[in-house]
Amino acid sequence: MKISILGSTGSIGRQAVEVIQKMPDFFKVVSISGGDNIEELRKQIKLLNPQNVCVKSEQNALILQKEFPKTNVLSGDKGLIDIASDKTNERILVSVSGKTGLKPTLAAIENKIDIALANKETLVMAGDIVMARAKENGVKILPVDSEHGAIHQCLSKRTEVEKLIITASGGPFRNKTVDDIKNATVEETLHHPRWNMGKKITIDSATLMNKGLEVIEAHHLFNIPYEKIQVVVHPQSIVHSAVEYVDGSVIAQLGFPSMHIPIQYALTYPDRHEGIETKSFDFIKAQRLDFEAPDLEKFPCLKLAFEAGKQGGTLPAVMNAANEEAVFMFLAGKISLREIYEITKKIMNEHKNIQNPSLEQILEQDIITREKTKSLFQKK
Ligand SMILES: NC(=O)c1ccc[n+]([C@@H]2O[C@H](COP(=O)([O-])OP(=O)(O)OC[C@H]3O[C@@H](n4cnc5c(N)ncnc54)[C@H](OP(=O)(O)O)[C@@H]3O)[C@@H](O)[C@H]2O)c1
């Protein structure tokens with residue numbers, strides 16, 4: 001299969017490269033892309049020998065072009081769109097973080113290329129538009145998120161679904177008090193008990209905003225109303241998600257927690273391969289699996305995401321932009337963890353929602369919201 005990886009230097013991207021390395025006869029990498037980490041890109045160019053490489057800045061593109069004269073080196077958002085539009089690709093893994101994923105995903109869809117989608121922000125911002133265009137073009141959107149990968153495997157007949165059950169590990173603060181969470185340091189917040197991920201998604205996992213983004217993602221991917229999506233905290237992260245059918249049967253997908261498995265599933269679907277070696281889950285050794293309701297007092301961001309999703313329009317994109325900017329400020333040590341919620345809520349309350357927005361309106365609101373969020377910090 002001819003594939004490209006957008007965001008090959010990130011946590012998902014590097015794990016995808018490991019999956020691909022284990023199956024050299026199955027995959028041929030056409031293009032890869034990174035942001036600022038050109039050291040990792042250098043290694044990947046030598047390893048994968050792609051035709052095209054894209055990097056964020058023009059300056060870094062010039063450096064790489066000199067070092068690798070046989071590789072076509074591109075830069076910026078335009079470079080990502082060019083890579084995503086290349087019809088040589090049979091599948092594209094979109095694993096860039098944040099809003100950078102949206103336009104290349106749409107470009108791949110217009111060119112009828114199937115997508116393995118890790119970048120949940122794409123569906124949070126413009127899920128209606130992306131899914132409608134994918135349908136028009138006969139393009140498959142294959143989820144990489146472990147929860148959505150699980151649901152994808154558990155869904156046989158979509159019409160007979162009673163509800164989707166999305167599991168959450170609960171993050172590093174599951175057993176902490178509201179006050180502990182208010183004063184959590186960046187270091188504590190980045191210490192996720194189960195998953196080793198990029199910084200933005202790790203902070204979102206600590207506030208449970210990540211689970212909220214996944215609820216919106218699931219709504220769009222599987223065309224299920226929000227009332228039929230339940231979040232359940234499951235600290236062992238063995239049950240990756242489940243589907244309850246109208247007859248009361250529940251089908252769940254289980255496995256040892258490893259992102260290699262859902263990445264490989266999205267890249268090789270509909271086939272399954274031995275591929276990368278993973279620990280097998282031992283039911284007897286596991287002894288117990290725990291489940292509990294999420295605590296919305298401690299983690300109010302989850303409530304915000306349900307509200308944004310239900311209201312629809314431009315509100316999910318606005319919530320996403322405000323949250324992302326607030327996360328960056330938290331990582332920079334400028335605000336507390338609690339303020340991510342407070343600021344996002346304030347921005348959402350002040351937003352005049354636009355229903356059935358065009359892509360241009362969504363992107364415009366994204367820019368306005370980011371500026372507004374940044375100006376709130378400056379006033380502090
Ligand atoms: N990590 C997980 O386990 C996981 C699970 C499910 C879903 N996801 C989703 O997958 C996506 C990626 O997550 P991650 O944890 O892999 O993030 P990450 O480690 O931060 O990696 C992000 C990737 O995007 C690139 N990038 C960032 N900004 C860019 C820009 N402006 N232009 C071009 N490239 C840019 C980065 O390049 P440089 O590093 O070179 O700057 C890197 O390759 C997110 O949407 C996340 O929600 C992640």
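Residues numbered from 1 in each chain as written. Predicted model: local features only at pLDDT ≥ 70, side-chain atom pairs only at ≥ 80, totals over all residues.

## Examining the nonpolar core
Formed by 101 residues in total, the largest nonpolar core has its most connected members in Leu6, Ala16, Ile92, Leu93, Ile115 and Ala305. Considering each element in turn, this core owes the most residues, 10 residues, to helix α15 (residues 315-331). What isoleucine 92 contacts, discounting residues up to four positions off in sequence, is Ile3, Ser4, Leu6, Ala84, Ala108, Ile113 and Ile115. (Core = buried A, V, L, I, M, F, W, Y, C linked by C-beta atoms within 7 Å. Buried ≥ 20, exposed ≤ 12 C-beta atoms within 10 Å, placed from the backbone. Helix = DSSP H or I, 4+ residues; strand = E, 2+ residues; numbered from the N terminus. Contact = placed C-beta atoms within 7 Å.)

## Remarks on the site of the ligand
Taken together, 26 residues lie around the ligand, and Gly10, Gly35, Asn37, Met197 and Gly198 are the ones closest in. Listed by contribution, the elements that provide at least two residues to the shell around the ligand are α1 (11-22) and α10 (199-207). For the shell around the ligand, the element with the most residues is α1, which contributes 3 residues. Here the residues of the shell around the ligand are counted per class, giving 7 nonpolar, 13 polar and 6 charged. A domain split of the shell around the ligand shows at least three residues from each of domain 1 (2-144) and domain 2 (145-309). (Near = placed C-beta within 6 Å. Nonpolar A, V, L, I, M, F, W, Y, C, P; charged D, E, K, R; others polar. Domains from an automatic or database assignment.)

## Details of the packing of α15 against helix α16 (residues 337-350)
For the pair α15 and α16, interaxial distance at closest approach is 9 Å and the crossing angle is 150°. On the basis of the axis angle, α15 is roughly antiparallel to α16. The two elements α15 and α16 meet at a crossing, and its hand is right-handed. Counted together, Leu315, Val318, Met319, Ala322, Asn323, Ala326, Val327 and Phe330 of α15 and Leu337, Glu339, Ile340, Ile343, Thr344, Ile347 and Met348 of α16 form the full contact between these two elements. When its residues are assigned to classes, the contact of α15 with α16 shows 12 nonpolar, 2 polar and 1 charged. (Axes fitted to C-alpha atoms, helices over the stretch in contact; angles between N-to-C directions. Parallel < 35°, antiparallel > 145°, perpendicular 65-115°, else oblique. Left-handed = near helix turned anticlockwise from the far one by under 90°.)

## Focus on the environment of alanine 286
One can find alanine 286 in helix α13 (residues 283-286). Overall, the presence of 12 C-beta atoms within 10 Å leaves alanine 286 in the exposed class. Residues alanine 286 and leucine 208, 78 residues apart in the sequence, show an inter-C-alpha distance of 25 Å. Setting aside residues no more than four positions away along its own chain, alanine 286 makes contact with Ile238 and Phe281.

## Some points on the sheet that holds strand β11 (residues 250-254)
The mixed open sheet is built from 4 strands, whose spatial order is β9-β8-β10-β11. Among the strands making up the open sheet, the edge pair consists of β9 (229-233) and β11. On average, adjacent strands in this sheet sit at an angle of 20° to one another, irrespective of strand direction. As defined by bridge partners, strand β10 (residues 239-245) adjoins β11 across 5 bridges and the pair is classed as antiparallel. Within the sheet, the bridge partner assigned to serine 241 lies in β11 and is glutamine 253. Packed on one face of the sheet, helix α7 (residues 146-154) meets β8 (161-168), β10 and β11 and runs near 40° to β10. Here helix α11 (residues 209-222) sits on the sheet in contact with β8 and β9, set at roughly 150° to β8. (Pairing = 2+ DSSP bridges.)

## Digging into the domain arrangement of the chain
We note that the domain assignment places domain 1 (2-144), domain 2 (145-309) and domain 3 (312-380) within the chain. Domain 1 and domain 3 are separated by 26 Å when their C-alpha centres are compared. At the interface, 7 residues of domain 1 touch 7 residues of domain 3. Taken together, the residues of the side of domain 1 that touches domain 3 break down into 4 nonpolar, 1 polar and 2 charged.

## Quick notes on unusual backbone geometry
In the segment running from tyrosine 269 into proline 270, the intervening peptide bond is cis, with an omega of 10°. Residue position: proline 270 is located in the loop between α12 (260-268) and α13. Even without a glycine there, the phi angle at asparagine 49 is positive, about 50°. With respect to the element layout, asparagine 49 can be found in the loop between α2 (38-48) and β3 (52-55). Look at asparagine 49 and you get exposed, because 12 C-beta atoms sit within 10 Å. Unusually for a residue other than glycine, asparagine 356 sits at a positive phi of about 45°.

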